[in-house]
Amino acid sequence: MIDVEEITVGYGSKIIIEELSVAIPKGQITTIIGPNGCGKSTLLKTISRILQASHGAVFIDQKAIHETSTKEIAKKMAILPQTAEAPDGLTVHELVAYGRFPHQSSFGRLKKEDIEAIDWALEATNLTEFQERPIEALSGGQRQRVWIAMALAQDTDILILDEPTTYLDMAHQLDVLQLVERLNKEQGKTIVMVLHDINHASRFSDFLIAMNNGEIVTEGIPERVVTCEHLQQIFQIQAILSVCPFSQKPICLSYGKLNTSVL
């Protein structure tokens, strides 16, 4: 569904990613992992058209995203940025309703299908009972679910999430990731996200892209990517691995820096 072909991306004169290519599998959860500053958010922002590559291109369904109108892209891809903030005074329902903007006519009125999509998004994220509450009255985990609900109301095949669990406690992190997993399994949505937690990435993903220094170190299923050798290459750590009892995928039990003895 998403093909990244030889993109070079940077900020000003500083190149972050150079001639990088990767294919994002359709209908799966793909997570980009790697150390801070490795280029994973830059890659995600380029896929989501927030950044434009100076060379190369990103294709969705074989169409270059920068040659496609913003409204058409918004019908294919919904984006949850790392730091999403709502204007004061908006209710949950009002913010989720913004997700229907790409589908509205110039008159801007909500049609029956818009209302049905909003109601479904609120129900899918367990927010129906909170829909009249102001955003600022919600907890961090609830606010994150509101942003996901807005993306769901957009009714796209692709959902892009930049560090969706940041600043959330363990229980709320699990809530968000289980919701993402359910959307993939039940709705068939293609999910592309960045996560810092290697164990979450392994447990909840079908496909991993591991980066360092603006390059892809390895990619594939978690069992192929989350190995002691790869974690040493990516994070410069000596890892002790096991198997997650919930997903049967590899997890990192503990780790030490390179050249540090492990008892």
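Residues numbered from 1 in each chain as written. Predicted model: local features only at pLDDT ≥ 70, side-chain atom pairs only at ≥ 80, totals over all residues. Heavy atoms only, no water.

Visitor: Honestly, unusual backbone geometry in this entry has me stumped. Any pointers?
Guide: Note on backbone geometry: most residues besides glycine have negative phi, and most peptide bonds are trans. Not every positive phi belongs to a glycine, and N213 is a case in point at roughly 55°. Its place among the elements puts N213 in the loop between strand 9 (207–212) and strand 10 (215–220). Positioned with a positive phi, Q248 is a non-glycine residue whose angle comes to about 65°. (Helix = DSSP H or I, 4+ residues; strand = E, 2+ residues; numbered from the N terminus.)

Visitor: I'm lost on the pairing of strand 8 (residues 190–194) in this one. Help?
Guide: Sheet faces and side chains relate simply in a regular strand, where the side chains alternate between the two faces. With 5 of its 5 residues buried, strand 8 lies for the most part within the structure. Side chains T190, V192 and V194 project from strand 8 onto one buried face, and the interleaved I191 and M193 project onto a second face that is buried too. Here strand 3 (residues 29–33) pairs with strand 8 via 4 bridges, running parallel. Residue pairing in the sheet places T31 in a bridge with M193 of strand 8. Where strand 7 (residues 158–162) and strand 8 come together, 5 bridges link them in parallel fashion. (Buried < 20%, exposed > 50% of the residue type's maximum accessible area, 1.4 Å probe, protein only. Pairing = 2+ DSSP bridges.)

Visitor: Looking at this structure, I do not really get the pairing of strand 11 (residues 237–243). What am I missing?
Guide: Where strand 11 meets strand 12 (residues 250–257), 7 bridges bridge the pair, whose relative direction is antiparallel. Within strand 12, the position partnered with L241 by the bridge is C252. In this structure, the hairpin formed by strand 11 and strand 12 is closed by a connection of 6 residues, where Q248 is found at a positive phi of approximately 65°.

Visitor: So what exactly am I meant to see when it comes to the side chain of R100 here?
Guide: Of note, R100 is situated in the loop between helix 3 (92–97) and helix 4 (112–124). Among the polar contacts listed, one links the side chain of R100 to the side chain of D114, at a separation of 2.8 Å. (Polar contact = N/O pair within 3.5 Å; in protein donor to acceptor, adjacent residues only side chain to side chain.)

Visitor: Whenever I open this one, the sheet that holds strand 5 (residues 63–64) confuses me. Can you help?
Guide: For sheets, the rule is that strands pair by backbone hydrogen bonds, running either parallel or antiparallel. One open sheet holds the 4 strands; their spatial order is 2-1-4-5, and the pairing between them is antiparallel. With one partner strand each, in any of the chains shown, strand 2 (14–24) and strand 5 form the two edges of the open sheet. The sheet contact formed by strand 1 (residues 2–11) and strand 2 spans 7 bridges and is antiparallel. Across the sheet, the residue bridging to I2 is I24, located in strand 2. Across the face of the sheet, helix 1 (residues 40–47) comes into contact with strand 1, strand 2 and strand 4 (55–60) while running at roughly 120° to strand 1. (Contact = heavy atoms within 4.5 Å. Axes fitted to C-alpha atoms, helices over the stretch in contact; angles between N-to-C directions.)

Visitor: Hey, could you run me through the nonpolar core in this one?
Guide: Across soluble globular proteins, nonpolar side chains have a tendency to be buried as a group. Grouped together as the largest cluster of nonpolar side chains are 48 residues, with contacts concentrated most on V96, V146 and M193. Ranked by residues supplied to this core, first place goes to helix 5 (residues 140–153) with 8 residues. Sequence-distant contacts of V146, that is, excluding residues within four places in its chain, are made with V92, L95, V96, L127, I135 and L138. I7, L20, C38 and M77 belong to the second largest nonpolar core, which has 28 residues in total. (Core = buried A, V, L, I, M, F, W, Y, C linked by side-chain atoms within 4.5 Å.)

Visitor: Is there a simple way to explain the packing of helix 4 against helix 5 in this structure?
Guide: The axes of two packed helices give the description: the angle between them and the distance between them. Here helix 4 crosses helix 5 at 145°, and the two axes come no closer than 8 Å. Every pair of crossing elements has a handedness; the one defined by helix 4 and helix 5 is right-handed. Residue-level inspection shows A117, I118, W120, A121 and A124 of helix 4 in contact with helix 5, the latter providing A149, L152 and A153. Its residues assigned to classes, the contact of helix 4 with helix 5 comprises 8 nonpolar, no polar and no charged. (Left-handed = near helix turned anticlockwise from the far one by under 90°. Nonpolar A, V, L, I, M, F, W, Y, C, P; charged D, E, K, R; others polar.)

Visitor: For this particular structure, what's the right way to read the pattern of salt bridges?
Guide: Here the idea is simple: oppositely charged side chains can pair when their charged atoms come close. Applying the stated criterion across every chain yields a total of 4 salt bridges. Residue K76 is joined to D61 by a salt bridge in which the shortest nitrogen-to-oxygen separation is 3.5 Å. One end of the pair, K76, is in helix 2 (residues 70–76); the other, D61, is in the loop between strand 4 and strand 5, with 15 residues separating them in the sequence. When the shortest N-O distance is used, the salt bridge between E72 and K75 registers 3.7 Å. (Salt bridge = Lys/Arg side-chain N within 4 Å of Asp/Glu carboxyl O.)

Visitor: How should the packing of helix 5 against helix 6 (residues 170–187) be read in this particular structure?
Guide: Two numbers describe how helix 5 lies on helix 6: the axes approach to 9 Å, and their chain directions differ by 15°. With respect to helix 6, the element helix 5 is oriented roughly parallel. Two packed elements cross with a definite hand, and for helix 5 against helix 6 that hand is right-handed. In contact with G141, Q144, I148 and L152 of helix 5, helix 6 contributes H172, V176, L179 and L183. (Parallel < 35°, antiparallel > 145°, perpendicular 65-115°, else oblique.)

Visitor: Is there a simple way to think about the environment of P81 in this case?
Guide: Its place among the elements puts P81 in the loop between strand 6 (77–80) and helix 3. Placed 66 residues apart in sequence, P81 and W147 show a C-alpha to C-alpha distance of 9.2 Å.

Visitor: How do you make sense of the side chain of T8 when you look at a structure like this?
Guide: Residue position: T8 is located in strand 1. On the basis of relative accessible area, T8 is assigned to the buried category, the value being 6%. Those residues within four positions of T8 in sequence are excluded, and the remaining contacts are I15, I17, E18, E19, A53, S54 and H55.

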